[in-house]
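# Inside the fold
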Amino acid sequence: MAEIHENEVKIPKRILRNLITSLTAGVVPRTGAPYIAIGRRAEIAALLESLEAAADGSASVRFLIGRYGSGKSFLLQLIRGYALDGDYLCMDADLSPERRLSGGNGCGLATYRELLRNMASKASPDGGALPVVLSRYYTMLATALAKEEIFPEDPRFAPEMKKRIYTLLSELEGGVGGFDFARVLGACLLSEANGEEECRSACLRWLRGEFSTKSEARGALGFPVGGIIDDSNWYDYIKLWAVFARRIGYRGLLVLVDECVNLYKIPNRIARESNYEKLLAIFNDALEGRAPGLCVFFGGTAQFLEDTRRGLFSYEALRSRLADSRFAERGYTTYTSPVIRLRRLSDNELLALITRLCRLHAELYGGEVRLTPAECEQFLTLMLSRTGAQELVTPREMIRDFLSLLDILRENPEATPEELFRTLRPAAPPQEEEDRFPEASAEAKNTEAKNSGNDFFFNLKM
């Protein structure tokens, strides 16, 4: 394996600490992923191409498929960072037994709430961006009015602001739930203009899906609404958010849904197929042009996709859309299909990754790099020399073990890499029984010889 050289890149201390801490615990960091992005160029290019489609007013759905620890979540967060820098609006959520695409007891609504809670923009990358996004639009309108010499103290300001808000929001009324969505958004923006914090707070609650009944929503908002966001219609409002995002200046809406294996784990077949039906609806909307500006990426395991008893392939409508083409049998792959299977990182890419981590670890703790390039290569060689490691080792395992090694060397100055590498070396084959117990072994040999002779003598007599 050849050594890979890299340019020095300085990382802010806060981001660097969060990055190393998350990776040590086997968790994907929400910030800092681009600093350790190695390989995956074809996959990244394919996903960024899907993002560009959303910016052009189209829509796309992609499935990232790979083993646990292979880098699905990392790649999703990496794309999230690119999208935020490119001025997209982003939402992300991890599915769980309590958060699904469909189901009773508020499972679908819980997913919507998580997506809204994690809404992020370039100005608010850590989530909670809903108030920031609405304030941005209000500021844009106020700035446009100021250029026309209409200021907040001017009597013409409020009527003109209301006119411009409803001119934009009238475009949203054509979608399912669009009238209520536009009305609540308009009330939220006007309450900000008028300084009515209570009304603004109630509008934000409605947009986040926090009301359980229509009467409760009417009482808090002060005006009637036709409905609320619930399990049955939450995805329709995601489509409305995508349209709204593009109308107020964002390039599109990126939605990341990870840990989709939790759909595969649903024990009840009817409930599981209900979730697959919702996923099919999302897929069809995107590919048939009914969700302009929306880009949805799902992350899951091969089992979630391919299991014909409980996975997506158990649902014929999805299997016929997501199955590999006949040419895949001959080893040909394409990154334009809806499913992107994460390949194993090459040895050179893994070496580049741990070399970079070695430098970043030293940069965080203000010490010297304890491992030489040759020792980094030795570590990788030992990790890959284990039985089955060439196929089964994942970046998560590699990174956790390597950072643990660096922490031990930092906290124990007397420790040496060679001493720690002994732990990684394959165990020697067990000694033969005769070596460990020579007397017992000799006795066993004699017994075996006697028995063999008796058997031979018996056969002659017969």
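Criteria and thresholds
- Residues numbered from 1 in each chain as written.
- Predicted model: local features only at pLDDT ≥ 70, side-chain atom pairs only at ≥ 80, totals over all residues.
- Heavy atoms only, no water.
- Helix = DSSP H or I, 4+ residues; strand = E, 2+ residues; numbered from the N terminus.
- Buried < 20%, exposed > 50% of the residue type's maximum accessible area, 1.4 Å probe, protein only.
- Contact = heavy atoms within 4.5 Å.
- Areas by Shrake-Rupley, 256 points an atom, 1.4 Å probe, with all protein chains shown as cover.
- Core = buried A, V, L, I, M, F, W, Y, C linked by side-chain atoms within 4.5 Å.
- Pairing = 2+ DSSP bridges.
- Axes fitted to C-alpha atoms, helices over the stretch in contact; angles between N-to-C directions.
- Salt bridge = Lys/Arg side-chain N within 4 Å of Asp/Glu carboxyl O.
- Parallel < 35°, antiparallel > 145°, perpendicular 65-115°, else oblique.
- Left-handed = near helix turned anticlockwise from the far one by under 90°.
- Nonpolar A, V, L, I, M, F, W, Y, C, P; charged D, E, K, R; others polar.

So, on to the overall build of the protein chain. If you tally the helices and strands in the protein chain, you get 21 helices and five strands. Here the protein chain, with 462 residues, has 47% of them falling under the buried criterion. In the protein chain, the proportion of contacts linking residues at least 24 apart, taken out of those at least 6 apart, comes to 71%. On the protein chain, roughly 23,300 Å² of surface is accessible, and the fraction owed to carbon and sulfur atoms is 52%.

The subject of this paragraph is the nonpolar core. Core analysis: the biggest nonpolar cluster contains 88 residues, and Trp 206, Trp 241 and Phe 244 have the highest contact counts within it. Tallying contributions element by element places helix α10 (residues 234–247) first for this core, with 10 residues. Ranked by size, the runner-up nonpolar core spans 61 residues in total, among them Cys 295, Leu 364, Leu 380 and Leu 405.

A few words on the environment of Pro 224. Note on placement: Pro 224 falls in the loop between α9 (214–221) and α10. For the pair formed by Pro 224 and Lys 214, sequence separation is 10 residues and the distance between their alpha carbons is 8.4 Å.

This next bit is on the sheet that holds strand β5 (residues 339–341). With parallel pairing, five strands are arranged side by side in an open sheet as β2-β3-β4-β1-β5. The sheet terminates laterally at β2 (89–94) and β5, the two strands that pair on one side only. Adjacent strand axes in the sheet meet at a mean angle of 15 degrees, parallel and antiparallel pairs treated alike. Sheet contacts for helix α12 (residues 269–287): β1 (60–65) and β4 (294–300); angle to β1, the most-contacted strand, approximately 130 degrees.

Following the criterion strictly, the structure yields 28 salt bridges and no others. Its salt-bridge partner being Arg 80, residue Asp 92 comes within 3.5 Å of it at the nearest N-O pair. You can see Asp 92 sitting in strand β2 and its partner Arg 80 sitting in helix α3 (residues 72–85), a full 12 residues away along the chain. Assessed through its relative accessible area of 6%, Asp 92 is described here as buried. The closest approach of N and O atoms between Arg 156 and Asp 154, which form a salt bridge, is 3.0 Å. Members of the salt-bridge network, linked through shared partners, are Asp 236, Lys 239, Asp 285, Glu 288 and Arg 290.

Further remarks concern the packing of helix α5 (residues 130–147) against helix α6 (residues 157–169). The description of two packed helices rests on the angle between their axes and on the distance between the axes. Contact geometry of α5 with α6 gives a least axis separation of 11 Å together with a crossing angle of 125 degrees. What the angle tells us is that α5 and α6 run oblique. The element α5 and its partner α6 pack so that their crossing is right-handed. For the pair α5 and α6, contact is made by Tyr 137, Tyr 138, Leu 141, Ala 142, Ala 144 and Leu 145 and by Phe 157, Glu 160, Met 161, Arg 164, Ile 165 and Leu 168, respectively. Taken together, the residues that form the contact of α5 with α6 break down as 10 nonpolar, no polar and two charged.

The buried fraction of β2 is high, at five of six residues. Where β2 meets strand β3 (residues 253–258), six bridges bridge the pair, whose relative direction is parallel. If you follow Asp 92 over to β3, its bridge partner there is Leu 256.

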